[in-house]
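Here is what each chain is made of, one letter per residue.
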Amino acid sequence: MTTHDIRVEKGHAEPEEVAAITAILLARAAAAPAAPTRRGRPKAGWRRLEREPGFRAPHSWH
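Residues numbered from 1 in each chain as written. Predicted model: local features only at pLDDT ≥ 70, side-chain atom pairs only at ≥ 80, totals over all residues. Heavy atoms only, no water.

**Q** Can you break down the overall build of the protein residue by residue, with the values?
**A** Per the secondary structure count, the protein includes one helix and zero strands. Residue burial in the protein is summarised as follows: out of 62 residues, 2% are buried. If you sum the accessible surface of the protein, you get close to 7000 Å²; carbon and sulfur atoms cover 58% of it. (Helix = DSSP H or I, 4+ residues; strand = E, 2+ residues; numbered from the N terminus. Buried < 20%, exposed > 50% of the residue type's maximum accessible area, 1.4 Å probe, protein only. Areas by Shrake-Rupley, 256 points an atom, 1.4 Å probe, with all protein chains shown as cover.)

Pasting the structure below:
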């Protein structure tokens, strides 16, 4: 049994086409700069709905 890292979801791709896409993705991943050090908020700026209060005033908005 072989494992595939890339899978065609819809349609049919020849092995050469899959190889070309793989080469492009690997080249882009290698050319990407290192992840910058994060400054600012370490958490998401949004809140989970189940943690929101049940009522908001009619004049407030989100």
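From this point, things continue past the structure.
**Q** Talk me through a nonpolar patch on the surface; I want residue IDs and the actual numbers.
**A** Residues I6, I21, I24 and L25 make up a contiguous nonpolar surface patch of roughly 360 Å² in combined accessible area. With respect to the helices and strands, I6 occurs in the segment before α1 (15-31). (Patch = residues over 30% accessible without salt bridge, like charges linked within 9 Å, V, L, I, M, F, W, Y side chains within 5 Å. Salt bridge = Lys/Arg side-chain N within 4 Å of Asp/Glu carboxyl O.)

**Q** I'd love a proper account of the environment of A13, names of residues and values included.
**A** Relative to the assigned elements, A13 resides in the segment before α1. Every residue in contact with A13, bar those within four places of it in the chain, is listed here: V8 and V18. (Contact = heavy atoms within 4.5 Å.)

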